[in-house]
Amino acid sequence: FTLIELIVAMALVFVMTLGAGILLADGQKKWNALYNRVNDPAGTDGFVVQRAFENICRKSSSQQCYIGFQGRWLQLYYWEQDSTEDMPENYARIYLEGSNVYAEYGRLFPRTWIVNPFIRPRKDLLSKDVKDLEFEQIDKSIQMFLTYKDAGLLPVVTSAVRRN
């Protein structure tokens, strides 16, 4: 090989190595952005709200449901697992307080739709930094619309059918 052929071959190898390096670096940058988006706490919060909403709706009574003023909160009624009662024993309320979404689980007075204030309800934080939460009922289906303060986060839009 002559010196010129060797320099040309080395230049070609350098260009191909540089191109492969740029592709690998760009792929790593995109992978990190996707990983951070999927594992961002706000993204997982949206999944938590969606799962809690769907679980509550699917086990709730189709006989009664309350949606608060302008659709700002939702209250559903459900039975204990393996219950033989003809009316629900529990309620669940999903609501926005400040910028946090909570789920409250409590008991009802026996054979009524009235919340029992003597038994302290359990309150779970589902999501933070929420801009708006709205519910809408269409027959037995309930829809939830949730938007975050961060415009970069996708809104959560889901629906579930009350089955019982």
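Below, the structure is looked at part by part. All values reported here derive from a predicted model rather than from experimental measurement.

Using the criterion set out here, one finds six aromatic pairs in the structure. Centre to centre, the rings of W31 and Y35 are 6.4 Å apart; their planes meet at 35 degrees, and the pair counts as tilted. Here the residue W31 and the residue Y35 both occupy positions in helix α1 (residues 3–38), the gap between them amounting to four residues, near one helical turn. Here the aromatic rings of Y77 and W113 are separated by 5.1 Å at their centres, their planes lie at 80 degrees, and the arrangement is edge-to-face. Residue Y77 is located in strand β2 (residues 73–78), and its partner W113 is located in the loop between β4 (100–107) and β5 (122–127); the two are separated by 36 residues in the primary sequence. Of the residues examined, W113 reaches a relative accessible area of 23% and is grouped as partly exposed. An aromatic cluster is present here, built from Y66, Y77 and W113 joined pairwise through their rings.

Right, let's talk about the sheet that holds strand β8 (residues 156–161) for a bit. One open sheet holds the three strands; their spatial order is β6-β7-β8, and the pairing between them is antiparallel. Two strands close off the open sheet at either side, each with one partner strand: β6 (130–138) and β8. Strand-to-strand twist across the sheet, computed as the mean angle between neighbouring axes with direction ignored, equals 15 degrees. Where β6 lies against strand β7 (residues 141–148), eight bridges are found, and the strand directions are antiparallel.

Turning to the environment of W73, a few remarks are in order. Looking at the secondary structure, you find W73 in strand β2. As a C-alpha pair, W73 and V101 span 28 residues in sequence and 9.8 Å in three-dimensional space. The contact partners of W73, leaving out residues within four places of it in the chain, are Y66, I67, G68, R93, I94, Y95 and F135.

Thresholds, definitions, all that
Residues numbered from 1 in each chain as written. Predicted model: local features only at pLDDT ≥ 70, side-chain atom pairs only at ≥ 80, totals over all residues. Heavy atoms only, no water. Phe/Tyr/Trp six-rings, centres within 6.5 Å; stacked < 30°, edge-to-face > 60°. Helix = DSSP H or I, 4+ residues; strand = E, 2+ residues; numbered from the N terminus. Buried < 20%, exposed > 50% of the residue type's maximum accessible area, 1.4 Å probe, protein only. Pairing = 2+ DSSP bridges. Axes fitted to C-alpha atoms, helices over the stretch in contact; angles between N-to-C directions. Contact = heavy atoms within 4.5 Å.

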